[in-house]
Amino acid sequence: MTFGAPVDFQSLDANPAQGVFLTAKEFQLLLDGGAGNGKTLAGCIKGIQCMLNIPGSVGLVGGYEMPELRKSTMQDFLEVLRSAVDWKRDVAKFNDQQGILTLKNGSTVSFQGLNIPPSEYSKIKNFNLGWIFIDQLEHINEQVYLRLLLRLRHPLGPRQIWGTANPEGHIWVWRTFIKRKKKIYSDENMEVHKGQDTFRVGASTYVNKKNLPQEYIDRIRRSYPGYLAERYIMGSWDSFEGQIWPTFDDETHVIPDHEPLEGAKRFVAIDHGLSAPTCGLFFYVAEGFTVNHDPFTYVVVYQEYWKISHLVQFHKLNLMRLAGDADSFDYWKLDPACWAKTRERGGEPFSIADEFAEDPYGLPISQANNNWDTSVTRVAQYMEVNPEYINPFTGKVGSPTLFMCESCENLIDTIPGYVFDEAATERGEDKPLSTTIRHAIDALRYGIMTRPDPTKEEKPKVPVGSPAYYRLKMKQARRMGGAEGWRRHYVNSVIS
């Protein structure tokens, strides 16, 4: 093959999903879906097309850790390259140790592990790239991905980034490429979403059936339970394993937007981010009734604030605008990490919390409780449907004590994908998956931690002799033996 000629991926028996993906021109591309659908192969082909068709191009192939990348994606890339060029004639240099390959037409590709801690993000600034391919994008931190976008500035282009991914619930990859993006094509084995500068092709394993061993799909079907088969064969991003709050359901917990009830207790919880999003959730507390007309309290998240990469002054101003009057709220809870005095002003230690509290637009903040185990349990308790509570919004029997308005999109979208870290679980630890988008979730935890434990909350006292008193006594008596039990219990209560 000569330089300048496109890679003949038809000879590699490309499937329909690969063909659509390889011709996409958008800035950010994703090919995801079922196991064995040809994702990695297509990602490699696209990179090799850039190297051959754009002499002097500079690209990066990334994965989570370099050792795994070297054993898998890097080997796939080299195998496809060997099928497309004469190695001795067309390859100028290949440094296996450093993971750098250069063609004689001047095109270069580097293989790079992307599990980069925040303290080393500055290393990414040294990249000047024309294209980026990230395999298994679901394992990459969103902040690393966003910083890589800024590195796509090489004059030779094509200045595109593409990734391949296995569905892992409603993580940042889903939000970037699927959430509220227009679906422009769909059939039983493939769907295509298009955003302003994103393009996503999702395909099931069946789309690549002709290139797989005959028993491959049947074996997966037999080996995996239903929800895993949906994820790993059909490529569903809505099939979750290890959910932290599995009882959450849109139909149960999400309600139409409305203003807080007059006189209701209101409060705000904020999770602050520097380059990450800052999220503020506005809550109110109201009273409902059980089937026995006894009162219970419920909590509503009625408004959400969500902004990325702004100064504290900007957040304060906009939170104040949403609140109207900060002092009309019972309290404002802020991420406890903000109290660390990691800054300096006028020679004195200074914290993000100090900045939130100072004028102008100072907020009456106090420190949130970030105990993860307790807060996760408490949110789960508030999400639980109590069969004796009447839903205050539908009038039906059976209600949780936590609701959220439909405009709180980031909170609603991220709860289903809030899952346990499988590797940590195997070590006997309970912790969330690190790549989960959890800024709204953390604000939810801070807010609910200000509320009583519903399993220990003192029941309102019922006045003796009131109708509610006798209803409660009858209910207790039924547990003691029907009508005769009621008579005995009633007589005893009167005598006492």
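Everything below is about the structure shown above.
Every value quoted in this text rests on a predicted model; they were computed, and no experiment measured them.

**Some thoughts on the overall build of the protein chain**
Working step 1: Within the protein chain, the secondary structure is distributed over 18 helices and 21 strands.
Working step 2: Here the analysis covers contacts within the protein chain between residues at least 6 apart in sequence; of these, 66% occur between residues at least 24 apart.
Working step 3: With the model as given, the accessible surface of the protein chain reaches about 23,700 Å², and the carbon-plus-sulfur share is 50%.

**Considering the state of the cysteines**
Working step 1: Counting across every chain of the model gives zero disulfides.
Working step 2: Among the cysteines around Cys-279, which has no disulfide bond, Cys-408 carries the closest sulfur, lying 8.4 Å off.

**Section: the packing of helix H13 (residues 372-383) against helix H16 (residues 439-448)**
Working step 1: Where H13 contacts H16, the two axes come as close as 9 Å, and the packing angle between them is 85°. Regarding the angle of H13 to H16, the classification is roughly perpendicular. Mapping the contact onto sequence places Trp-372, Ser-375, Val-376, Arg-378, Val-379 and Tyr-382 in H13 and Leu-444, Arg-445 and Ile-448 in H16.
Working step 2: The residue makeup of the contact of H13 with H16, split by class, is six nonpolar, one polar and two charged.

**Side note on the nonpolar core**
Working step 1: The biggest cluster of nonpolar side chains holds 59 residues, and the ones touching the most others in it are Leu-137, Trp-245, Leu-402 and Leu-444.
Working step 2: Sorting elements by how many residues they give to this core places H16 first, with six residues.
Working step 3: Residues in contact with Trp-245, not counting those within four places in the same chain, are Val-376, Val-379, Ala-380, Met-383, Ile-415, Tyr-418, Ile-441, Leu-444 and Arg-445.
Working step 4: Ranked by size, the runner-up nonpolar core spans 37 residues in total, among them Met-74, Leu-78, Leu-103 and Trp-162.

**What to know about the packing of aromatic side chains**
Working step 1: Within the structure shown, the criterion is met by 19 aromatic pairs.
Working step 2: Ring geometry for Trp-87 versus Phe-94: centroids 6.2 Å apart, planes at 90°, classification edge-to-face.
Working step 3: By relative accessible area, which is 26% here, Trp-87 ends up partly exposed.
Working step 4: A cation sits over an aromatic face here: Lys-46 above Trp-162, 5.7 Å from the ring centre.
Working step 5: Positioned above the aromatic ring of Phe-329 is the side chain of Arg-266, whose terminal nitrogen or guanidinium carbon lies 4.1 Å from the ring centre.

**Digging into the pattern of salt bridges**
Working step 1: Tallied over the full model, the rule gives 18 salt bridges.
Working step 2: We note a salt bridge from Glu-142 to Arg-175, for which the minimum N-O separation is 2.7 Å. Here Arg-175 lies in helix H7 (residues 172-177) and Glu-142 lies in helix H6 (residues 142-149), a separation of 33 residues in the sequence.
Working step 3: By relative accessible area, which is 11% here, Glu-142 ends up buried.
Working step 4: Salt bridges sharing partners connect three or more residues here, namely Asp-32, Lys-183, Glu-191 and Arg-200.

**With respect to the sheet that holds strand E5 (residues 108-113)**
Working step 1: One open sheet holds the ten strands; their spatial order is E3-E4-E5-E2-E6-E7-E1-E10-E9-E8, and the pairing between them is mixed. At either margin of the open sheet sits one strand with a lone partner, and together these are strand E3 (91-95) and strand E8 (182-186). Adjacent strand axes in the sheet meet at a mean angle of 15° when their direction is disregarded.
Working step 2: Examined bridge by bridge, strand E6 (residues 131-134) and strand E7 (residues 160-165) share four bridges and lie parallel to one another. Within E7, the position partnered with Ile-132 by the bridge is Ile-161.
Working step 3: Contacting strand E1 (28-33), strand E4 (100-103), E5, E6 and E7, helix H2 (residues 39-53) runs over the sheet at an angle of about 160° to E7.

**Here we look at unusual backbone geometry**
Working step 1: Put simply, Gly-157 and Pro-158 share a cis peptide bond, and its omega is 10°.
Working step 2: Mapped onto the secondary structure, Pro-158 falls in the loop between H6 and E7.
Working step 3: That bond from Asp-359 to Pro-360 is cis: its omega, 0°, falls within 30 degrees of zero.
Working step 4: The phi angle at Arg-159 is positive, at roughly 55°, despite the residue not being glycine.
Working step 5: Residue placement: Arg-159 occurs in the loop between H6 and E7.

**A few points about the sheet that holds strand E15 (residues 331-334)**
Working step 1: Judged by pairing direction, the sheet is mixed, and its seven strands sit side by side in the order E11-E21-E14-E13-E12-E15-E18 without closing on themselves. Edge positions in the open sheet fall to strand E11 (254-255) and strand E18 (365-367), since each of these has one partner strand only.
Working step 2: Two strands pair when backbone bridges link them, and strand E14 (residues 295-308) and strand E21 (residues 402-405) are joined in this way by three bridges, in the parallel orientation. Directly across from Val-300, in E21, lies its bridge partner Phe-403.
Working step 3: Packing against the sheet, helix H11 (residues 312-323) makes contact with strand E12 (265-271), strand E13 (277-289), E14 and E15, and its axis sits at approximately 140° to E14.

Parameters and conventions
- Residue numbers run consecutively from 1 along every chain, following the written order of its sequence.
- Local features are withheld for residues below a pLDDT of 70 in this predicted model, meaning they are given only at 70 or higher, and side-chain atom pairs are given and counted only at 80 or more; totals for whole chains, interfaces and linings count all residues.
- With hydrogens and water stripped out, all remaining heavy atoms of the structure feed into the side-chain values.
- Here a helix means four or more residues in a row that DSSP labels H or I, a strand means two or more in a row labelled E, and each is numbered from the N terminus.
- Any two residues having at least one pair of non-hydrogen atoms within 4.5 Å are treated as being in contact.
- All accessibility values rest on the Shrake-Rupley procedure with a 1.4 Å probe; residue burial counts only the protein chains present in the view.
- By convention in this document, the label disulfide applies to cysteine sulfur atom pairs within 2.5 Å.
- Axis definition: a line fitted to C-alpha atoms, over the contacting stretch in the case of helices. Angles run 0 to 180 degrees between N-to-C directions.
- Here the word oblique covers every angle except those under 35 degrees (roughly parallel), over 145 (roughly antiparallel) and from 65 to 115 (roughly perpendicular).
- Three categories are distinguished: nonpolar for Ala, Val, Leu, Ile, Met, Phe, Trp, Tyr, Cys and Pro, charged for Asp, Glu, Lys and Arg, and polar for the others, with Gly belonging to the last.
- The definition of a nonpolar core used throughout is a set of buried Ala, Val, Leu, Ile, Met, Phe, Trp, Tyr and Cys residues joined through side-chain atoms within 4.5 Å.
- When accessible area is computed with a 1.4 Å probe and restricted to protein chains, residues below 20% of their type maximum are described as buried, those above 50% as exposed, and intermediate ones as partly exposed.
- Stacked, tilted and edge-to-face pairs are distinguished by plane angle, under 30 degrees for stacked and over 60 for edge-to-face with tilted covering the rest, among Phe, Tyr and Trp rings (Trp via its six-membered ring) whose centres lie within 6.5 Å.
- Geometrically, a lysine NZ or arginine CZ counts as sitting over a ring once it is within 6 Å of the ring centre and also within 35 degrees of the ring normal.
- Note on definitions: salt bridges are taken to be side-chain nitrogens of Lys or Arg within 4 Å of carboxyl oxygens of Asp or Glu.
- Strands qualify as paired when DSSP identifies two bridges or more between them.

Read these as spatial facts, not as claims about activity.
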